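# Structural overview
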Amino acid sequence: MARRGVIVKGGVYLELLGKIRAVAVDKTGTITYGKPSVQGVHSLNGMSEDEILRVAASLEAFSSHPLARAILDFARDKKISPEPATDFKTVVGYGVEAKIANHDYFLGNHRFAHETGVCKPELESLLEQLEEKALSVAVVGHKPHENCTGEVLGVITIGDKIRENAAKAVEKLKAVGIQKVIMLSGDNQRTAHSIAVQANIDEVRGDLLPEDKAKEMKKLVSKYGVVAMVGDGINDAPALAESSLGIAMGVAGTDTAIETADVALMKDDLEELSSAIQQGRRVLSVIKANIGLALGVKAIFLGLALFGHTNLWLAVAADTGTTLL
């Protein structure tokens, strides 16, 4: 397993690999490459695209999220420098907010715009169109504060390419007996569903906060018994911990995800999971065969002893021979 780039953190987890009945996967970095790039900037209040990017880059300057890095790289390519931001705050599952030039701004998902109270029909219509194209969206807005009513400045669209072997990896999982493959994503439902269809995934649940992923995992474990969770980000850690078997995409994965997981795919190749499951089942079959042989030999000699057809030294020799075998 290690030679194939699959690190298993103990024998108990190798056995669990052979008992998996369902697999839950994250989207970004697992089904997609986890290398998003900005596809476009859409203004909603007349502000120029460059100014929207400047605000976005200022908000994301301290973030390590893949979407933040995509925005910063795009702004850098366009030679747009971020402005100094203060009171920076990460709102887990929503986005970021900070103060720029004494005004409160935010950048985040559709849900964050709702929570901030600046979501309007125009924004809803635009997001619906963009999300149906399997694009992730980052809403940039001015938060209501003091005498400012707040408004949405614009939307940045971000795309992440689906892994070429994603659909094949899912098919291989089903071929080795996995009953269901489910996507648990923090991205919006429309985008997650579009990606899931391309990867032939059975079910998809989007718009999930980290704690929501953990709750969904509890439900899956209750329904299927032994469920594996495959993820790579810090947002996946709660679900990895709640799963029967946590599996991290090792190269792209965060340290938190790798530490929480029981198995790491160091080649970031989801196809290796089906091979690992087959190895786990082979291990289980060998264990059962060994235990069956040991108990069978003991039962035979117990029967022979009851009828007086054996003795102590022959029974000891048979027991030791079975152990060696």
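About the cut-offs
Residues numbered from 1 in each chain as written. Predicted model: local features only at pLDDT ≥ 70, side-chain atom pairs only at ≥ 80, totals over all residues. Heavy atoms only, no water. Helix = DSSP H or I, 4+ residues; strand = E, 2+ residues; numbered from the N terminus. Expected span 1.5 Å × (residues − 1). Buried < 20%, exposed > 50% of the residue type's maximum accessible area, 1.4 Å probe, protein only. Contact = heavy atoms within 4.5 Å. Core = buried A, V, L, I, M, F, W, Y, C linked by side-chain atoms within 4.5 Å. Salt bridge = Lys/Arg side-chain N within 4 Å of Asp/Glu carboxyl O. Axes fitted to C-alpha atoms, helices over the stretch in contact; angles between N-to-C directions. Parallel < 35°, antiparallel > 145°, perpendicular 65-115°, else oblique. Nonpolar A, V, L, I, M, F, W, Y, C, P; charged D, E, K, R; others polar. Pairing = 2+ DSSP bridges. Patch = residues over 30% accessible without salt bridge, like charges linked within 9 Å, V, L, I, M, F, W, Y side chains within 5 Å. Areas by Shrake-Rupley, 256 points an atom, 1.4 Å probe, with all protein chains shown as cover. Phe/Tyr/Trp six-rings, centres within 6.5 Å; stacked < 30°, edge-to-face > 60°.

Here the focus is helix H12 (residues 271–306). In a regular helix each residue adds 1.5 Å, so 36 residues correspond to 52 Å; H12 covers 53 Å between its end C-alpha atoms and thus fits that length. The complete set of buried residues in H12 reads Glu271, Glu272, Leu273, Ser274, Ser275, Ala276, Ile277, Gly280, Leu284, Val297 and Phe301. The first or second residue beyond H12 is glycine 308, which carries a positive phi of 75°.

Here helix H4 (residues 66–77) spans 16 Å end to end across twelve residues, near enough to the 16 Å set by a 1.5 Å rise per residue. What H4 keeps buried is the set Ala68, Ala70, Ile71, Leu72 and Ala75. Structurally, H4 contributes buried residues whose contacts are with strand E3 (37–43), helix H3 (49–60), strand E6 (103–108), strand E7 (136–142) and strand E8 (151–159). Lysine 79 sits one or two residues past H4 and shows a positive phi near 60°.

The nonpolar side chains of a soluble globular protein tend to be buried, and buried together. Formed by 35 residues in total, the largest nonpolar core has its most connected members in Ile20, Val23, Ile31, Met183, Ile201 and Leu273. Of all the elements, helix H7 (residues 166–175) adds the most residues to this core, at four residues. Once residues lying within four places of it in the same chain are set aside, the contact partners of valine 23 are Leu173, Ile178, Lys180, Val181, Ile182, Ala228, Val230 and Leu273. Listed in part, the 24 residues of the second largest apolar core include Ile52, Ile80, Val140 and Ile158.

What follows is about the pattern of salt bridges. Taken as a whole and assessed by the stated rule, the structure comprises 18 salt bridges. Residue lysine 27 pairs with aspartate 187 through a salt bridge whose shortest N-O separation is 3.3 Å. Pair noted here: lysine 27 is in helix H2 (residues 27–31) and aspartate 187 is in the loop between strand E9 (180–184) and helix H8 (189–198), with a separation of 160 residues, a long-range link. As far as the burial class goes, lysine 27 and aspartate 187 line up, both buried.

At their nearest, the axes of H12 and helix H13 (residues 312–324) sit 10 Å apart, and the two run at 170° to each other. Comparing the axis directions of H12 and H13 gives the class roughly antiparallel. Between H12 and H13, the contacting residues are Leu293, Ala294, Val297, Lys298 and Phe301 on the first element and Leu314, Ala315, Ala318, Asp319 and Thr322 on the second. Across the contact of H12 with H13, the residue classes break down as seven nonpolar, one polar and two charged.

Read from one edge of the open sheet, six strands run E3-E8-E7-E6-E5-E4, paired in antiparallel fashion. The open sheet is flanked by E3 and strand E4 (86–91), the only strands paired with a single partner. Looking at each pair of strands side by side, their axes are set apart by 15° on average, direction ignored. Of the pairings in the sheet, the one linking E6 to E7 comprises four bridges and is antiparallel in character. Counterpart to tyrosine 105 in the pairing with E7 is histidine 142. Taken strand by strand, H3 contacts E3, E4, strand E5 (95–100), E6, E7 and E8, and its axis lies near 105° from that of E5.

Moving on to a nonpolar patch on the surface. Residues Leu302, Leu306 and Phe307 make up a contiguous nonpolar surface patch of roughly 410 Å² in combined accessible area. When you line up the elements, leucine 306 lands in helix H12. Here leucine 306 falls in the exposed class, since its relative accessible area comes to 69%.

Mapping serine 63 onto the fold places it in the loop between H3 and H4. If near-sequence neighbours (up to four positions away) are discounted, serine 63 is found in contact with Ala68, Arg69 and Phe88.

What describes a pair of aromatic rings is the distance from one ring centre to the other and the angle between the planes of the rings. Counting across every chain of the model gives three aromatic pairs. Taking the centre distance of 5.2 Å and the plane angle of 55° together, the rings of phenylalanine 106 and phenylalanine 112 count as tilted. A single burial state applies to phenylalanine 106 and to phenylalanine 112, both of which are buried. Ring pairing ties together the aromatic residues Tyr94, Phe106 and Phe112, which thus form one cluster.

Treat this as a map of the structure, not an account of what it does.
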